[in-house]
Amino acid sequence: FKQREGWPELTDRWPVVPATTLLTKFMQAAEAAAPGRRAIAVRQARFHKWIVAVPAVDIALTVTPVDADHVDVRLGDYAQAIIELADEFAAVPPAPMTLDDSAARPAPITARELYERRWMFEGPQFHAITGLGRVGERHVSATLTTPTAPGALLDNIGQVLGYWIVACFDRRAVVFPIGVGRMTFYGEHPPPGTELQCRIAIRELTETVLVADAQLIVDGRVWVDIVGW
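Keep in mind the model is a prediction, meaning the values are calculated, not measured. (Residues numbered from 1 in each chain as written. Predicted model: local features only at pLDDT ≥ 70, side-chain atom pairs only at ≥ 80, totals over all residues. Heavy atoms only, no water.)

A. Here's a closer look at the overall build of the protein chain. When helices and strands are tallied, the protein chain shows three helices and ten strands. What you see in the protein chain, going N to C, is helices and strands ordered as α-β-β-β-β-α-β-β-α-β-β-β-β. By the compact-globule yardstick of 17 Å for 229 residues, the protein chain fits well, its C-alpha radius of gyration being 18 Å. In terms of its C-alpha atoms, the protein chain occupies a principal-axis envelope of roughly 50 × 45 × 35 Å. Counting the 229 residues in the protein chain, one finds 45% classified as buried. Across the protein chain, every contact between residues at least 6 apart in sequence was considered, and the portion connecting residues at least 24 apart equals 69%. Accessible surface for the protein chain amounts to roughly 12100 Å². Of this, 53% is attributable to carbon and sulfur atoms. (Helix = DSSP H or I, 4+ residues; strand = E, 2+ residues; numbered from the N terminus. Rg over C-alpha atoms; globule rule 2.2 N^0.38 Å. Buried < 20%, exposed > 50% of the residue type's maximum accessible area, 1.4 Å probe, protein only. Contact = heavy atoms within 4.5 Å. Areas by Shrake-Rupley, 256 points an atom, 1.4 Å probe, with all protein chains shown as cover.)

Put into structure tokens, the structure is as follows:
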């Protein structure tokens, strides 16, 4: 929550740990439990409640084998996911999704204004949207530049999704992540400064739930493919 300039109590801002930072920690924990193997996918991720970052709290993280290639990772009663492990990333990613912009509208604001006008509430270490694409009835795109904070790049997929719903609707305009069906990676995390294309297709929109598929693409190659965000 925004406070006046110089406000001394950080707890009044109610800072929380991003869901994608939790997923990053989950993948690291899975790899630590299976030395030599790589976390290549996240399945059935669920985020049950926020973790307030200030004051700090200690929460038990458990890693439980499911089978030879999957572990169940849980962070107390806050979040859980199945992490898929393999010896290496899949060599051939899916084709980049195509978005029909023929009937799409130009972006109503710039990427900088997205943060200056507080369309997004994320702090500056999570500001990775550097260009906004056209807004379609069921799709949206943007340009991202990889930041340094853990989970920040993936968090910006949610920011682009939030940008789409604010640009398209006067109500139902607040969205927070509650789960991800499948998130599959096709290589190492892009280094800071790498430019990516974010493409999102809306699958379902009701009064209470928004479901989308998404991709992050580097130099024409899909780095992460997401089904059911």
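Back to the text.
B. Geometry of the side chain of T21. Looking at where T21 falls in the secondary structure, it is placed in helix α1 (residues 19-33). The class for T21 is buried, based on a relative accessible area of 11%. Separated by 2.8 Å, the side chain of T21 and the backbone oxygen of P150 make a polar contact. When residues no more than four places from it in sequence are discounted, the contact partners of T21 are F126, P150 and G151. (Polar contact = N/O pair within 3.5 Å; in protein donor to acceptor, adjacent residues only side chain to side chain.)

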